[in-house]
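Here's the letter readout for the chains.
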Amino acid sequence: MPALMALRKRAQGEKPLAGAKVVGCTHITAQTAVLMETLSALGAQCRWAACNIYSTQNEVAAALAEGGFSVFAWKGESEDDFWWCIDRCVNVEGWQPNMILDDGGDLTHWIYKKYPNMFKKIKGIVEESVTGVHRLYQLSKAGKLCVPAMNVNDSVTKQKFDNLYCCRESILDGLKRTTDVMFGGKQVVVCGYGEVGKGCCAALKAMGSIVYVTEIDPICALQACMDGFRLVKLNEVIRQVDIVITCTGNKNVVVREHLDRMKNGCIVCNMGHSNTEIDVVKIWKRRVRSQVDHIIWPDAKRIVLLAEGRLLNLSCSTVPTFVLSITATTQALALIELYNAPEGRYKQDVYLLPKKMDEYVASLHLPTFDAHLTELTDEQAKYLGLNKNGPFKPNYYR
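Residues numbered from 1 in each chain as written. Predicted model: local features only at pLDDT ≥ 70, side-chain atom pairs only at ≥ 80, totals over all residues. Heavy atoms only, no water.

Within an unreviewed UniProt entry, the label attached to the protein chain reads Adenosylhomocysteinase like 2b, and the organism entered is Xiphophorus maculatus. The Sequence similarities (unreviewed entry) field of the UniProt record for the protein chain holds the comment "Belongs to the adenosylhomocysteinase family." (UniProt positions renumbered as here; feature names shortened; annotations may be inferred.)

Caption draft 1: Layout of the sheet that holds strand S7 (residues 187-191). Taken together, eight strands build an open sheet; the order of strands is S9-S8-S7-S10-S11-S14-S13-S12 and the sheet is mixed. The sheet is open, and its two borders are formed by strand S9 (230-231) and strand S12 (285-289), each paired with just one other strand. Inspection of the sheet shows S12 paired to strand S13 (residues 292-296) by four bridges, in the antiparallel sense. The residue of S13 that forms the bridge with Arg286 is His294. Along the sheet face, helix H7 (residues 156-179) touches strand S10 (243-246), strand S11 (267-270), S12, S13 and strand S14 (302-306) and points at about 125° away from the line of S14. (Pairing = 2+ DSSP bridges. Helix = DSSP H or I, 4+ residues; strand = E, 2+ residues; numbered from the N terminus. Contact = heavy atoms within 4.5 Å. Axes fitted to C-alpha atoms, helices over the stretch in contact; angles between N-to-C directions.)

Caption draft 2: Inspection of the nonpolar core at higher detail. If you look at the biggest cluster of nonpolar residues, it comprises 48 residues, and the most contacted ones within it are Val22, Ile28 and Leu39. Elements with a contribution of two residues or more to this core: helix H1 (2-11), helix H2 (30-41), strand S2 (45-50), helix H3 (58-66), strand S4 (99-102), helix H13 (321-340) and helix H14 (355-365). When residues of this core are assigned to their parent elements, the largest contribution, eleven residues, is made by H13. For this core, the domains that each give at least three residues are domain 1 (2-153 + 320-371) and domain 2 (163-316). Apart from residues lying up to four places away in sequence, Val22 is in contact with Ala44, Gln45, Cys46, Arg47, Trp48, Trp95, Met99, Leu101 and Leu335. Counting residues in hydrophobic clusters, the runner-up holds 31 residues, among them Leu172, Tyr193, Ala224 and Val292. (Core = buried A, V, L, I, M, F, W, Y, C linked by side-chain atoms within 4.5 Å. Buried < 20%, exposed > 50% of the residue type's maximum accessible area, 1.4 Å probe, protein only. Domains from an automatic or database assignment.)

Caption draft 3: Representation of the UniProt feature "binding site: NAD(+)" (unreviewed entry) in the protein chain. UniProt's entry tags Gly194, Glu195, Val196, Gly197, Lys198, Gly199, Glu215 and Asn313 with the feature "binding site: NAD(+)" (unreviewed entry), counted in the numbering of this structure. Mapped onto the elements, Val196 comes out in helix H8 (residues 195-206). Residue class for Val196 comes out buried when judged on its relative accessible area of 17%. Not counting the four nearest positions on each side in its chain, Val196 is found in contact with Asn163, Cys167, Cys247 and Met271. Considering the arrangement of structural elements, one finds Glu215 in the loop between strand S8 (210-214) and helix H9 (218-226). Ignoring anything within four residues of it in the chain, the contact list for Glu215 reads Gly192, Tyr193, Gly194, Cys220, Ala221 and Leu231. Looking at Glu215, its side chain comes within polar contact range of the main-chain nitrogen of Tyr193, at 2.6 Å. (Polar contact = N/O pair within 3.5 Å; in protein donor to acceptor, adjacent residues only side chain to side chain.)

What follows is the structure in structure tokens.
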């Protein structure tokens, strides 16, 4: 994780997070452990819970606890366990958070619901998922967001690298580890053609799968068509596809009506953050092995459901460490920015990461590839109206 190491080395003497008390709710993996150790090296105190009941690496959680971090998580939590862990993370005598690092918005929601007075001392929220950002914008629109929030999900480095390149590799890993499926010739429908959907489609197409796409946004839909995918409604292909993958961030994308019409052996999984995309609440399941369930119909038809409709890659496999270095560095810089911002710079609203920071995160990873940036001459910079050191793109660039 080169950028986190560089950030730790460059900022350690300054301790930019001295006095920060960060409460976090993310996937607890080896990469998260490096982020937590980095935040600690920069001066912060951390308490952590998991944002997904299946993604926690128990050996990592144990190592963090042994290293003095307060961690409340284990792989395979129940729903009650999940909320208990978040509550233990927040509700502790003599310690009150002043920063929130969230993935999905559950931690923020819990504090709003149970401990709203805590927001009097909280300086800001950093959120990294589509689902969590959506919830923040809902709070802001309703006038209920009482602290500044940084939308890390829509930073260029998160969108282009974590959402696209990470999913392009991890979708195949997750499916292989759970089902041993062969992709060549398989018919796959990917619901949603955002950055996650683009990554999934590119990987499956490269493996020889026949890929269909469903999309509500005309712009993303046109991109899918131009990339060589057939745009369909789910009902049009549901009887013939071998694999269904959701990655919309929405709810009830695949419902009982779709499951009833799927063919025997169809694999159903989700690459979005939340488990709301596949409606499996009322369906009887039979556990085959870890993270693999068969849904069995009276006529003996079986549907293969992975991770109970939760995030496939982090529930059933791993994700590339290098990509998570990009996201974790972005999170760390967002925490530093909000924590040290002078009063009045940020209002009670949702903000995007400044483009200069996006470019800084990218630049920290270039040495890994022995990459050499071209520098503008004074004349070229003047012609383009840019500072030679950036930012090179406007804030609205995504």
